[in-house]
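Summary of structural features
Letter by letter, the chains look like this.
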Amino acid sequence: MIRRLVLAAALASLALPALAQGTQQPAVKPIRGDTPIPESNHSGTYRMERHDRPVPRNYAQQPPIIPHNIKGYQITKNVNMCMVCHAKTAAPTSGATPVGKSHYLDRDGKDSPNISTQRYFCLQCHIPQFDAEPLVSNTFKPAQ
Amino acid sequence: MAYDFEVRRRGWKRWIPAWVWRVGPWTVVGLFAAGIVFWGGFNWAFELTNTEPFCISCHEMEENVFKEYRHTIHYTNRSGVRATCPDCHVPKEWGPKIVRKIQASTEVLHKVLGSIDTPEKFQAKRWALAEHEWARMRANDSQECRNCHNFRYMDLGEQGRRANATHSVAFTEGKTCIDCHKGIAHQLPPIDQAIGAPRVEPSAGKFAPPR
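Bear in mind that the values here come from a model prediction, so they are computed numbers and not experimental data. (Residues numbered from 1 in each chain as written. Chains lettered and ligands numbered in written order. Predicted model: local features only at pLDDT ≥ 70, side-chain atom pairs only at ≥ 80, totals over all residues.)

Some points on the overall build of chain B
Helix and strand counts for chain B come out as eleven helices and zero strands. When its helices and strands are written in sequence order, chain B yields α-α-α-α-α-α-α-α-α-α-α. Residues counted as buried form 11% of the 211 residues belonging to chain B. Residue pairs in contact within chain B that sit at least 24 positions apart in sequence constitute 56% of those at least 6 positions apart. (Helix = DSSP H or I, 4+ residues; strand = E, 2+ residues; numbered from the N terminus. Buried ≥ 20, exposed ≤ 12 C-beta atoms within 10 Å, placed from the backbone. Contact = placed C-beta atoms within 7 Å.)

Printed below as a string of structure tokens:
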């Protein structure tokens, strides 16, 4: 009796993992591919695109992308380097695209001499582009 | 060994001045050699104070300005040509270098006094420190920039559209590098840009935006 139980247990221990494997979902293929966790995956080398001219929007209301290199441009408590050229007072001389009128209104709709503090961190909406291939392709077209 | 300087010397010895015979020719040769060694030694020790490791041996420099500088193009870039602390902050010419080094002796005093020994103290003084350095560079026409970035050999056609337009105007207006290129290696002090609450620092109108 005991011998039969032991045999059944041994058979079960062999068969269960096989059963479990049969019902398992196919493993998700992660972006990191076959690179083991402890090793790092090469991220690729990409450069910030330098169009140096405004890039057309993809749809209405899109925050325009930054068409130039912004490496080292400080947005700190002390200074916002973007506003040195893009402020509406500086734009005529610098030739940069002036910041939109909406950015000068505070939450009460009051106009201020420079951008609202709510809009201080330009990179929350406006981003530079890198010359990387998109991970997922799409066929988006703006509404006509 | 006594030399008889009353005697009129003959042959090639006539061409050696009398004082050499008075102090002794080997003494003269020895002093000359010692001069070379001491001058070389002085310059060697002097140049040791013009190195990046020396500059960041003080935590004031390492914790504040050096950390900021590490994110900039003068620290790391595609070709590996660097401008370290002394390349921008110490003149290359001997005279101005000595003058700057003598001025810098007050920095030793302030190191002892601990004037900027915490990041908070450093931030509080950042405006004054930056203004000193900007004034120095304005006074010598940004000589330390121009040691590498010489206007005369700049090919404006190779520059980007913005740089091309701005540089050609700036050069004809007689502007110097630091007039526009502030905060390229370190964080800027508080600049009054009329964003948010008015600033208390005496910065209004002092920071010229590039044209």
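We are not done yet, so read on.
Details of the overall build of chain A
Within chain A one finds three helices and zero strands. Starting at the N terminus and walking to the C terminus, you meet the elements of chain A as α-α-α. In chain A, once contacts between residues fewer than 6 apart in sequence are set aside, the share between residues at least 24 apart is 44%.

Regarding the interface of chain B and chain A
On the chain A side, the residues contacting the 21 residues of chain B number 20 residues. Residue composition of the side of chain B that touches chain A, by class: eleven nonpolar, seven polar and three charged. (Nonpolar A, V, L, I, M, F, W, Y, C, P; charged D, E, K, R; others polar.)

Points about the confidence of the model for chain A
Averaged over chain A, the pLDDT score is 83; the fraction of residues at 70 or greater is 84%. Highest mean pLDDT in chain A belongs to helix α2 (residues 81-86) of chain A (90); lowest belongs to helix α1 (residues 2-23) of chain A (60). (pLDDT = per-residue confidence, 0-100.)

A word on helix α10 (residues 161-172) of chain B
Residues lying three or four places apart along an α-helix face the same way, a consequence of the helix completing one turn every 3.6 residues. Taking 1.5 Å of rise per residue, twelve residues should cover 16 Å, and α10(B) covers 17 Å from first to last C-alpha, within 8% of that figure. In the stretch just after α10(B), B:Gly174 is the one whose phi turns positive, near 75°. (Expected span 1.5 Å × (residues − 1).)

Points about unusual backbone geometry
Residue and element names in this part refer to chain B. The backbone of Asp-141 sits at a positive phi, close to 55°, despite the residue not being glycine. Examined against the element boundaries, Asp-141 turns out to sit in the loop between α8 (119-139) and α9 (143-146). Backbone geometry places Ser-142, a non-glycine residue, at a positive phi of 50°. Looking at where Ser-142 falls in the secondary structure, it is placed in the loop between α8 and α9. When the 21 C-beta atoms within 10 Å are taken as the criterion, Ser-142 is described as buried.

Topic: the environment of B:Ile116
Counting through the fold element by element, B:Ile116 comes out in the loop between α7 (105-113) and α8. Contact partners of B:Ile116, with chain neighbours within four places excluded, come to B:Glu60, B:His110, B:Lys121, B:Phe122 and B:Lys125.

Brief notes about the environment of B:Gly24
Considering the arrangement of structural elements, one finds B:Gly24 in the loop between α1 (18-23) and α2 (25-48). Between the alpha carbons of B:Gly24 and B:Arg136 there is a distance of 49 Å; along the sequence they are 112 residues apart.

Points about the confidence of the model for chain B
Any residue range with low pLDDT should be treated as having predicted coordinates unsuitable for detailed reading. Residue and element names in this part refer to chain B. Predicted confidence across chain B gives a mean pLDDT of 87, with 89% of residues reaching 70 or more. The lowest-confidence element of chain B is α1, averaging 86 in pLDDT; the highest-confidence one is helix α5 (residues 85-89), averaging 95. Scored as a whole, the predicted complex attains pTM 0.75, and scored at its interfaces, ipTM 0.71.

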